[in-house]
Amino acid sequence: VLAVPVLFKQALENTDMEEGKSVSLRCELTKADATVVWKKGEATLQASAKYEMKQKGTVAELVIHNAEPEDA
């Protein structure tokens, strides 16, 4: 049995942010509860006071708190 790959139904879009505020990035996948890893360049982001990861069904969300220019 071949595994069906998980694909993006809705990819990430560029989002404007306001320094010091929170910004939310979302994507939608073709399979519910698929494992999602958020990265900035080569670095894998970990849940922290700065980065909040959420996932409900097929929608994965990364919330960046206290956004700074370095978060671009």
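Residues numbered from 1 in each chain as written. Predicted model: local features only at pLDDT ≥ 70, side-chain atom pairs only at ≥ 80, totals over all residues. Heavy atoms only, no water.

By the naming in an unreviewed UniProt entry, the chain is OBSCN protein, taken from Serilophus lunatus. Looking at the chain in UniProt, the text filed under Subcellular location (unreviewed entry) is "Cytoplasm". (UniProt positions renumbered as here; feature names shortened; annotations may be inferred.)

Positioned with a positive phi, Asp33 is a non-glycine residue whose angle comes to about 60 degrees. Its place among the elements puts Asp33 in the loop between β2 (23–29) and β3 (39–40). Relative accessible area serves as the criterion here: at 59%, Asp33 is assigned to the exposed category. Backbone geometry places Asn66, a non-glycine residue, at a positive phi of 50 degrees. Relative to the assigned elements, Asn66 resides in the segment after β6 (59–64). (Helix = DSSP H or I, 4+ residues; strand = E, 2+ residues; numbered from the N terminus. Buried < 20%, exposed > 50% of the residue type's maximum accessible area, 1.4 Å probe, protein only.)

Our focus in this paragraph is the environment of Met53. Its location among the elements puts Met53 in strand β5 (residues 51–56). By relative accessible area, which is 30% here, Met53 ends up partly exposed. In sequence terms Met53 and Ile64 are 11 residues apart; their C-alpha atoms lie 8.9 Å from each other. Once you skip the residues sitting within four places of it in the chain, Met53 turns out to touch Trp38, Leu45, Gln46, Ala47, Glu61 and Leu62. (Contact = heavy atoms within 4.5 Å.)

With 12 residues, the main nonpolar core is built from Val23, Leu25, Cys27, Leu29, Ala34, Trp38, Leu45, Tyr51, Ala60, Leu62, Ile64 and Ala67. For this core, the elements supplying multiple residues, two or more each, are β2 and β6. Ranked by residues supplied to this core, first place goes to β2 with four residues. Aside from chain neighbours lying at most four places away, what touches Ala34 is Val6, Leu29 and Gln55. (Core = buried A, V, L, I, M, F, W, Y, C linked by side-chain atoms within 4.5 Å.)

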